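Below, each chain spelled out in residue letters.
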Amino acid sequence: IQYLNRAFSQLFGYSLEETPTLQQLRKHIAAEKNSWDDTGHVYLPQGEEYRFVDKAGTHHHVQVTGSELKDSLVFMMSDVTRLKEIEGALLKIQENLEHTVEKRTAELLEANNRLEEINKLKTLFLSSVSHELRTPLTSILGFSKMISKETNAISSNDSRVDAKIAKRLSRIKDNTAIISEEGLRLKRLIDDLLDMSKIESGQMTWHDEVFDLADLARNALKNIKGQLALK
């Protein structure tokens with residue numbers, strides 16, 4: 001060995017006097033023996049990384065390049081230990097990130113499965129309740145129609161009906177009409193519940209109708225008239 005620069009001595013802790021031959025250099029710093037043959041000749045492919053050990057016993061990752069210069073061989077050794085440490089840290093972070101992503105993905109899949117199960121139960125519940133509501137509602141509408149038919153059969157001009165009874169009959173007719181209207185509205189609401197599956201699948205069918213807003217307001221007032229009368 002003809003020359004070792006200051007950086008080599010600072011990196012490995014050896015001077016030229018301590019490593020005058022390749023064999024001694026091999027003995028001191030070679031951590032990967034496959035880079036050296038039995039005669040001490042070095043055959044390091046350019047751009048490769050190797051592990052060398054310094055005088056204090058610390059290992060270094062070193063990138064080695066070489067080139068011929070007349071009858072000599074010049075080696076350049078770059079310490080990439082810190083870079084390898086950063087790469088290792090980044091690799092560990094990446095592994096942790098992948099593990100976290102896998103864990104979160106599994107948790108999301110589990111939560112999604114629970115939501116789908118809850119959604120199925122909700123749909124089943126709505127369907128069951130809607131059908132259960134239809135039975136008493138059908139009876140309400142049926143009896144309301146029957147009462148309306150009976151009251152309409154009694155004419156207010158009938159000589160057997162005095163003014164007081166006629167007034168009560170008129171009130172019964174109005175209340176019966178409200179029961180029928182509200183029953184039909186409830187029926188539409190129940191039908192909407194049964195259409196919930198269509199809404200969730202994005203296949204909701206809209207039925208637009210022209211209506212009289214003033215008439216709607218009058219009906220709303222009429223429907224709560226009984227509650228207002230109690231107060």
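Just so it is clear, the model here is predicted, and its values are computed rather than measured. (Residues numbered from 1 in each chain as written. Predicted model: local features only at pLDDT ≥ 70, side-chain atom pairs only at ≥ 80, totals over all residues. Heavy atoms only, no water.)

Trainee: Can you walk me through the pattern of salt bridges in this structure?
Mentor: For side chains of opposite charge, pairing can occur when their charged atoms come near one another. Under the definition given, this model contains 10 salt bridges. Here Asp 191 makes a salt bridge to Arg 134, at a shortest N to O gap of 2.4 Å. With Asp 191 in helix 4 (residues 163-194) and Arg 134 in helix 3 (residues 81-153), the pair connects residues that are 57 residues apart, well separated along the chain. Classification of Asp 191 by relative accessible area gives partly exposed; the value is 23%. When its relative accessible area of 29% is taken as the criterion, Arg 134 is described as partly exposed. The salt bridge partner of Lys 187 is Asp 191, with a shortest N-O separation of 3.6 Å. Linking Lys 187 with Asp 191, this pair stays in helix 4, spanning 4 residues, or about one helical turn. The exposure class assigned to Lys 187 is partly exposed, which follows from its relative accessible area of 34%. Several salt bridges share partner residues, and in doing so they unite Arg 134, Lys 187 and Asp 191 into one network. (Salt bridge = Lys/Arg side-chain N within 4 Å of Asp/Glu carboxyl O. Helix = DSSP H or I, 4+ residues; strand = E, 2+ residues; numbered from the N terminus. Buried < 20%, exposed > 50% of the residue type's maximum accessible area, 1.4 Å probe, protein only.)

Trainee: Help me understand a nonpolar patch on the surface, please; the structure alone is not making it clear to me.
Mentor: Where nonpolar side chains cluster on the molecular surface, the patch consists of Leu 69, Val 74 and Met 76 and spans about 290 Å² of accessible area. Given a relative accessible area of 52%, Leu 69 falls into the exposed group. (Patch = residues over 30% accessible without salt bridge, like charges linked within 9 Å, V, L, I, M, F, W, Y side chains within 5 Å. Areas by Shrake-Rupley, 256 points an atom, 1.4 Å probe, with all protein chains shown as cover.)

Trainee: Quick question: what am I supposed to make of helix 3 here?
Mentor: Note on helix geometry: an α-helix contains 3.6 residues per turn, so any two residues three or four positions apart are oriented the same way. In this model helix 3 runs 104 Å from its N-terminal to its C-terminal C-alpha over 73 residues, within 8% of the 108 Å that 1.5 Å per residue would give. Along helix 3, the sharpest change in direction is near 25 degrees and occurs at Thr 135; proline Pro 136 comes one to four residues later. Inspection of helix 3 places Thr 81, Leu 126, Ser 130, Leu 137, Leu 141, Ser 144 and Thr 151 among the buried residues, and these make up the whole buried set. (Expected span 1.5 Å × (residues − 1). Bend = angle between axes of the 7 residues up to and from the residue.)

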